[in-house]
Amino acid sequence: MHTIDVRSDTVTQPTPAMREAMFTATVGDDVYGDDPTVAELERQAAVRLDKEAALFVPSGTFGNQLALYTHCNRGDEVILGDDCHIVWHEAGAAAVIAGVQLRTVESRKGVLDAAAIEQRIRVGEDIHWPRTGLICLENAHSNGRVIPLEAMQAVCQVGRRHKVPVHLDGARVFNAATALGCDVREITRYADTVMFCLSKGLAAPVGSILAGPADFIARARRHRKLLGGGLRQAGVLAAPGLVALNEMTRRLAEDHGNARYLAEQLAQLPGIEVQLDDVQINMVWFRFSGHVYTTALMASLADAGILANPPENGMMRFVTHWQVGRAEVDRVVAAVAAYLAGAQ
């Protein structure tokens, strides 16, 4: 019985094609700028996102924080959603690395109101105020929802009106494009800079991309070195990134379909409440209507060969990816049903 891991799409193993690409990758020293595989990944990523240039970085958090550090001066203020990844899951790095202040806007399941953002922009040169240095958006959101293009456009217009750049945390931006049925450029056009992960649903073992104007990326490259992100023969990591970009982006609809199937099957179980409207990419959020003995639940899933994160604040999440197909979904649902039957 093989283990099924639905904790996150960060757990994806590299595909056989990725392993082969790593083995045969042509490499150089990327700090000198002569690793051809990294250069090709950066070139292709910039084209895909319709940006002037791109930079390979070790992780999504690294890419987001590098963007804040490069866009902002110390003491600047960054406007972003109160439930976004940068606020909740990046270890307070904005204060440590960029030295910026985060000013949050209420998020409606990931959607930010453009008027609320505009009200928070510091207009004028009052010596008491921080300068508004950046606006950050997230699409797809880490809650599993996709942000409509019109909402992004409205925020983009506010930023341009006030000459404040917009950064997109697009860790799963290709999931968002798949869900919206559009080219990824239709999303990234509303941001000056974009970060997306080559890992997660795209299954590369390491790495993310930061893309934007050429002069911005040149500054970011220097800052990447300063932060310890200058890698040497990084082509062995960029090679699976190319597979992720060119092959794995085309199959994300399969993960979304499996997540929908998982949600519908869970919803049929007594004692399970699924937020079906929130199943827009590859994440399924649900809660147990009765009391849950977390230790017993997790032990029951583990006995069935299921790796999952325990409920948090009453909510539990399962995530599909290339290693979780229909047969694996059926096993997960059966394991949850077995727990419920034993808990009665």
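Remember, it's a predicted structure, so these values are computed and weren't measured experimentally.

Caption draft 1: Focus on helix H10 (residues 214-226). The end-to-end C-alpha distance of H10 is 19 Å, a good match for the 18 Å that 13 residues give at a rise of 1.5 Å each. Those residues of H10 lying buried are Phe-216, Ile-217, Ala-220, His-223 and Arg-224. For H10, the buried positions fall inside an angular range of 115° around the axis, keeping them on one side. Away from its buried face by more than 90 degrees, H10 exposes Arg-222 and Leu-226. Summarising the contacts, the buried residues of H10 are in contact with helix H2 (36-49), strand E2 (53-57), helix H3 (60-71), strand E9 (193-197) and strand E10 (208-212).

Caption draft 2: Spatial organisation of the side chain of His-141. Structurally, the position occupied by His-141 is in the loop between strand E7 (132-138) and helix H7 (149-161). Classification of His-141 by relative accessible area gives buried; the value is 2%. A polar contact is formed between the side chain of His-141 and the side chain of Asp-83, at a distance of 3.2 Å. Not counting residues up to four positions away in its chain, the partners in contact with His-141 are Asp-83, Cys-84, Gly-110 and Ile-147.

Caption draft 3: How the structure looks around the pattern of salt bridges. Enumeration according to the criterion identifies 15 salt bridges in this entry. Ionic pairing is found between Glu-254 and Arg-251, a salt bridge with its closest N-O pair at 3.8 Å. A relative accessible area of 48% places Glu-254 in the partly exposed class. Ionic contacts of the salt-bridge type, sharing partners, join the residues Glu-77, Arg-103 and Arg-122 into one network.

Caption draft 4: Highlighting the packing of aromatic side chains. If you walk through the whole model with that rule in mind, you get 4 aromatic pairs. With a centroid separation of 6.2 Å and 80° between ring planes, the pair formed by Phe-288 and Tyr-339 is classed as edge-to-face. Of the two residues, Phe-288 sits in strand E12 (residues 283-288) while Tyr-339 sits in helix H14 (residues 326-343), which places them 51 residues apart along the sequence. In this pair, the class of Phe-288 matches that of Tyr-339, namely buried. Ring pairing ties together the aromatic residues Phe-286, Phe-288, Phe-318 and Tyr-339, which thus form one cluster. Just above the ring of Tyr-261 sits the side chain of Arg-326; from NZ or CZ to the centre is 4.4 Å.

Caption draft 5: Region of interest: the packing of helix H8 (residues 173-180) against helix H12 (residues 252-267). Close contact between H8 and H12 brings their axes to 9 Å; oriented N to C, the two are set at 75°. Taken together, the axes of H8 and H12 are roughly perpendicular relative to one another. The segment H8 lies against H12, with Phe-174, Asn-175, Thr-178 and Ala-179 engaging Leu-252, Ala-253 and His-256. Each residue belonging to the contact of H8 with H12 can be placed in one class, and the counts come to 4 nonpolar, 3 polar and no charged.

Caption draft 6: Layout of the state of the cysteines. The tally for this structure, following the rule as stated, stands at 0 disulfides. Between Cys-72, a free cysteine, and Cys-136, which holds the nearest cysteine sulfur, the sulfur-to-sulfur gap is 7.5 Å. On the basis of relative accessible area, Cys-72 is assigned to the buried category, the value being 8%. Here Cys-136 is not disulfide-linked; the sulfur of Cys-84 is the nearest cysteine sulfur, at 7.0 Å.

Caption draft 7: Inspection of the sheet that holds E9 at higher detail. Taken in spatial order, the 7 strands make up an open sheet running E2-E10-E9-E8-E7-E3-E4, and their pairing is mixed. Each edge of the open sheet is held by one strand with a lone partner, namely E2 and strand E4 (101-105). Direction aside, the axes of adjacent strands within the sheet are offset by 20° on average. Bridge analysis of strand E3 (residues 77-81) against E4 gives 5 bridges, and the strand direction is parallel. Each residue of the ladder has a partner; that of Leu-80, found in E4, is Thr-104. Across the sheet, H2 touches E2, E9 and E10, and the angle it forms with E2 is around 125°.

Caption draft 8: The arrangement of the sheet that holds strand E11 (residues 272-274) in detail. Read across the sheet, 3 strands follow the order E11-E12-E14 without closing on themselves; strand pairing throughout is antiparallel. The open sheet is flanked by E11 and strand E14 (316-319), the only strands paired with a single partner. Each neighbouring strand pair of the sheet contributes to a mean axis angle of 35°, computed without reference to strand direction. Sheet analysis places E11 next to E12, joined by 3 bridges and oriented antiparallel. Bridged to Glu-273 within E12 is Arg-287. Across the sheet, H12 lies against E11, E12 and E14, angled at about 15° from E12, the strand it touches most. Sheet strands in contact with H14 are E11, E12 and E14, and its direction is about 5° off that of E12.

The rules behind the values
- Residues numbered from 1 in each chain as written.
- Predicted model: local features only at pLDDT ≥ 70, side-chain atom pairs only at ≥ 80, totals over all residues.
- Heavy atoms only, no water.
- Helix = DSSP H or I, 4+ residues; strand = E, 2+ residues; numbered from the N terminus.
- Expected span 1.5 Å × (residues − 1).
- Buried < 20%, exposed > 50% of the residue type's maximum accessible area, 1.4 Å probe, protein only.
- Arc of directions from axis to C-beta.
- Contact = heavy atoms within 4.5 Å.
- Polar contact = N/O pair within 3.5 Å; in protein donor to acceptor, adjacent residues only side chain to side chain.
- Salt bridge = Lys/Arg side-chain N within 4 Å of Asp/Glu carboxyl O.
- Phe/Tyr/Trp six-rings, centres within 6.5 Å; stacked < 30°, edge-to-face > 60°.
- Lys NZ or Arg CZ within 6 Å of the ring centre and 35° of its normal.
- Axes fitted to C-alpha atoms, helices over the stretch in contact; angles between N-to-C directions.
- Parallel < 35°, antiparallel > 145°, perpendicular 65-115°, else oblique.
- Nonpolar A, V, L, I, M, F, W, Y, C, P; charged D, E, K, R; others polar.
- Disulfide = S-S within 2.5 Å.
- Pairing = 2+ DSSP bridges.

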